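# Chains, contacts and geometry: an overview
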Amino acid sequence: MQSSAPGADVRVLVLYANGRLLPANVEVDRGLRAALGSSALGNVVVYDEFLDLPRFGGDEYVRTMETYLLAKYASQPPDLIVVAGDAALRFIVDSRARLYPKVPVVHAAVEAPFLQSIAPLPAGVHGLPAIHDFSGTIDQALRWSPRTRRLVIVTGASELDRAWERRLRAESSRLPERVSVEFLAGLPIAAVLERLGSLGRDAVVFTPGFFEDGSGREFLPREAVRSMAAVSGAPVYGGFQTQLGTGIVGGRFADFEAIGRQAGELASEVLAGREAGTIHPRATVPPKLSVDWRQIQRWGIEENAIPRDAVVHFRAPSFLQEHRNEAIAAIVLVLLQAGLIAVLLTERRRRRIAEFARVAQRSELAHASRLAVAGELTASIAHEINQPLGAILSNADAAELILESGGDRCEELRQILGDIRRDDLRASEVIRRLRTLLARQEVERRPFELNDAVREAEALVRPEARRRRVTFDVHPAPHEVSIVGDRVQIQQVVINLLLNAVDAVAGMPDDRRVVSVSVERTAAGVDLTVRDRGEGIVADQLPKLFDSFFTTKEKGMGLGLSIARSIVEAHGGRIRAESVPGEGTALYVALPEGAMGASVTRGDG
Amino acid sequence: MSDVPLVHVVDDDESQRTALLRLLSAGGFDAQGYASTGDFLLQPLPERHGCIVLDVRLPGPSGLDLQEALASRGVTLPIVFLTGHANVTSAVRAMKAGAVDFLSKPVERETLFEAIGRALVRDEARRASRDEAIRLRERFASLTAREREVLDLIVAGRLNKQIADQIGLAERTVKAERAQLMAKLGASSPAELGVMAERLRTLSEE
């Protein structure tokens, strides 16, 4: 056994079983470094290596890893090796003879059953078993939900995930008969989320997380748990401390930081030259019940049902309790500031409205508002794209079945291919329309056909209208109408007016859920009219309609129509509204035909 | 009655519907398509083993409305929902109303077939229990008025002698009636008779 003189460097090499980003590794590392740092060994240098098992594996990988470690640490051989995790211990037991046969090893975060499976440990390998008390967690969950009849256990598809699954299957056989156990093992994440989403409060969910789902997608267990907890209709319990805060209620967890600290202390003793027999005996770090207070409240668990030794996280004293004076000071400051802002706002209101015209021309705000509109349309657009994608997938699946069944069915396959091509174009058309709308671009000044632009804008909003059972009645002008200006911005105006109209009629009876759009040539140019049969707008609000920040909607920002006006005016046109309360509202956009009116560079701020 | 299950596909998107019909028939099912809720309700529903693959968003009444309408008409064909834009509210509503599954487009063949498989198993069970109910009703109809009277009293737990006293018959006659009605109903013990009577009662309440 080596010992080091005080002051000289002591080198500790830590081999982690998994990848670098696993949260448990970070915790072990923190504990380990704290313990090694406070030992009397002098300057301890810690090197980390991540074996990334079981993602990689096999003899060849192990040999390569050995060669890599020998070469990398040739000039700084370790005085002690710490292995964290089952697979890392297995690796060092197998490879130690070829790597550093005499260097002592301390293991951490290895569970007792695994230690037994490779017993007896070679001389010079020390450590204490870790306990991941999945069963204890499940028991606690069932105690908190005494009427639960259903336990859903979610596991993944990687080798380690399967090991967890085997263990959970064995352990869950001892549960009381009233609880039916259901495994969601090795399913694609989407399927898992859908199942969890359909659960009710009569179930509880336990998952240690997983590294890989059924479709081969890789995860950090913590992230897998986070997405499960986000959708689950039943309380979710996790397997590891590091998953606390992702939305799980809690569990009886091994404390990885304490495990790391214990390994560090053990390592210090080994390095200080103690023989195995004389090492200070220690107890295994016991699993500890940790809970997330927010989840406890969310699932209605009684506070006095939480055992006294449990560690409750995320129960912060309320902000006011903690920072009363600062809060008062902040509120006063905010009030003063608000007063000041109010004054400035009133004073500069007129000027700012004028400025909006210029800002809109610069297209920044217009772009932001288009993004907002796109957000509003997302649900419908997802539907529009999933529709052809669904057809494509079903067609491809059908073709596969037809090919498998053999026989001469060329004609049918040809039809299928034709349909796939058509649906593909349909999906890409939706995306193209959206991209044109969302592209951030300079204000353009070129001639375009207004009927087409209106039709395209209407097509974008149509799915949303259909979703809300509103029909559009489109009357294009019977001839081409040429406008000079920015096609996308004019479309934005149309979309805005259409969405407003849809909002206006969405709550009306069936026969009034119609919005008509028309393009007509007039003596002065072109009139674009959007007419709805909604509640209408009271006369005294009509003049304010185009003001910024004026809105009658709960969720509206009150920018849509003010930007619309800026755009229309920048095109040398006018926009006005007429409304009969109880009958409906019409918005008229008059645009000059064939030429751009006032210059877009006009700025009358 | 054909052995091949019949899958009804209600989807307003023509190409999606065509693709699904193709896939289902390639997968060995009989399949029939409908463009709307109304379309489905207007067609006569053949008495066949099967299920419904139903879109949520449809022109006019939605898929969820159809599910409700079918339930209120006593049509118990199991339903698999297939939607272009799943949201939690409709999924919850559909599953609560007894849907077999709530899938979102695009859907993988295995997922779809697996859900349809579950729907068909459910349909099978439903049909078996209904057939059994019909048989039971037919047998009950074949009982004489006297036999029904005796049946009621047996089910109420009376002994032969008590029954005889109550209707004013000889105990021997009651025994004969009893044997006769048990043979007609195909029951081998008073306990079984009790189960049948209970089943008949719930059926007549439905």
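### Considerations on the overall build of chain A
A count of helices and strands for chain A gives 17 helices and 19 strands. Across the 605 residues of chain A, 49% fall into the buried class. In chain A, once contacts between residues fewer than 6 apart in sequence are set aside, the share between residues at least 24 apart is 71%.

### Section: the sheet that holds strand E3 (residues 80-84) of chain A
Residue and element names in this part refer to chain A. Pairing within the open sheet is parallel, and its five strands lie in the order E2-E1-E3-E4-E5. Every interior strand has two partners, whereas the edge strands, strand E2 (44-50) and strand E5 (125-127), have only one. Each strand axis lies, on average, 25 degrees off the axis of its neighbour in the sheet, ignoring direction. By the bridge criterion, four bridges tie E3 to strand E4 (residues 105-108) in an arrangement that is parallel. The residue bridging Ala84 from the neighbouring strand is Ala108, located in E4. Contacts between helix H1 (residues 23-37) and the sheet are confined to strand E1 (10-16), E2 and E3, with E2 contributing the most and set at about 165 degrees to the helix. Against the sheet, helix H3 (residues 86-95) touches E1, E3, E4 and E5, its axis set at about 140 degrees to E3.

### Digging into the pattern of salt bridges
Any two side chains of opposite charge can pair if their charged atoms end up close together. Scanning the entire structure with this criterion turns up 51 salt bridges over all chains. For B:Lys105, the salt bridge is made with B:Asp11, and the minimal N-O distance between the two is 2.8 Å. You can see B:Lys105 sitting in the loop between strand E5 (101-104) and helix H5 (109-141) and its partner B:Asp11 sitting in the loop between strand E1 (6-10) and helix H1 (14-26), a full 94 residues away along the chain. Take B:Lys105 and B:Asp11: they sit in the same class, and that class is buried. If you follow the salt bridges from partner to partner, you end up with A:Asp419, A:Arg422, A:Asp423, A:Arg426, B:Asp13 and B:Arg22 in one network.

### A few points about helix H5 (residues 134-144) of chain A
Of all eleven residues in H5(A), nine are buried, a share of seventy percent or more. Listing the buried residues of H5(A) in full gives A:Phe134, A:Ser135, A:Gly136, A:Thr137, A:Ile138, A:Gln140, A:Ala141, A:Leu142 and A:Trp144.

### Section: the packing of H1(A) against helix H9 (residues 256-271) of chain A
All names here are of chain A. Look at H1 against H9: their axes get within 6 Å of each other, and the N-to-C directions meet at 40 degrees. The two elements H1 and H9 cross, and the hand of that crossing is right-handed. Here Ala24, Glu27, Val28, Arg30, Gly31, Leu32, Ala35 and Leu36 of H1 lie close against H9, whose contacting residues are Phe256, Glu257, Gly260, Arg261, Ala263, Gly264, Glu265, Ala267 and Ser268. Residue composition of the contact of H1 with H9, grouped by class: eight nonpolar, four polar and five charged.

### Topic: the interface of chain A and chain B
Where the parts come together, the accessible area they lose is often given as the size of the interface. Between chain A and chain B, the contact holds 27 residues from the first and 27 residues from the second. Both sides together, the interface formed by chain A and chain B hides about 2400 Å², and carbon and sulfur atoms give 49% of it. Looking at the side of chain A facing chain B, the largest losses of area belong to A:His383, A:Gln387 and A:Leu401, adding up to 22% of the total buried there. Residue A:Arg426 is joined to B:Asp13 by a salt bridge in which the shortest nitrogen-to-oxygen separation is 2.3 Å. Remark: the boundary between chain A and chain B carries eleven residue pairs in polar contact (both at pLDDT 80 or more). Broken down by secondary-structure element, the contributors of at least two residues to the side of chain A that touches chain B are helix H13 (364-405), helix H14 (410-438) and helix H15 (450-467) of chain A. It is H13(A) that provides the largest number of residues to the side of chain A that touches chain B, a total of 17 residues. Of the residues contributing to the side of chain A that touches chain B, the split by class is ten nonpolar, eight polar and nine charged.

Reading the values: rules and limits
- Counting restarts for each chain, with residues numbered from 1 along the sequence as it is written.
- Just so you know, chain letters begin at A and ligand numbers begin at 1, following the order they were written in.
- Totals for whole chains, interfaces and linings use every residue, but because this is a predicted model, local features are given only for residues with pLDDT of at least 70 and side-chain atom pairs only at 80 or more, for both listing and counting.
- Where side-chain values are given, they derive from all heavy atoms of the structure, hydrogens and water being excluded.
- Runs of E in the DSSP output that reach at least two residues are strands. Runs of H or I that reach at least four are helices, and both are numbered from the N terminus.
- Each residue is assigned to one of three classes by its accessible area relative to the maximum for its type, calculated with a 1.4 Å probe on protein chains only: buried under 20%, partly exposed between the two thresholds, exposed over 50%.
- We call two residues contacting when some pair of their heavy atoms lies within 4.5 Å.
- Paired strands are those between which DSSP finds at least two bridges.
- Axis lines are fitted through C-alpha atoms, for helices just across the contact stretch, and the angle between N-to-C directions can take any value from 0 to 180 degrees.
- Each salt bridge in this description consists of a side-chain nitrogen of Lys or Arg and a carboxyl oxygen of Asp or Glu lying within 4 Å of one another.
- Helix crossings fall into two classes, left-handed where the near helix is turned counterclockwise from the far one by less than a right angle and right-handed where it is turned clockwise.
- Three categories are distinguished: nonpolar for Ala, Val, Leu, Ile, Met, Phe, Trp, Tyr, Cys and Pro, charged for Asp, Glu, Lys and Arg, and polar for the others, with Gly belonging to the last.
- The term buried area refers to how much accessible surface (probe radius 1.4 Å) is lost by two components on association, counted for both of them together.
- Distance and chemistry together define a polar contact, namely a pair of N or O atoms within 3.5 Å, with one atom able to donate a hydrogen and the other to accept it when in protein, and with adjacent residues in sequence counting only for side-chain atoms on both sides.

No statement about biological role is implied by the geometric values presented.
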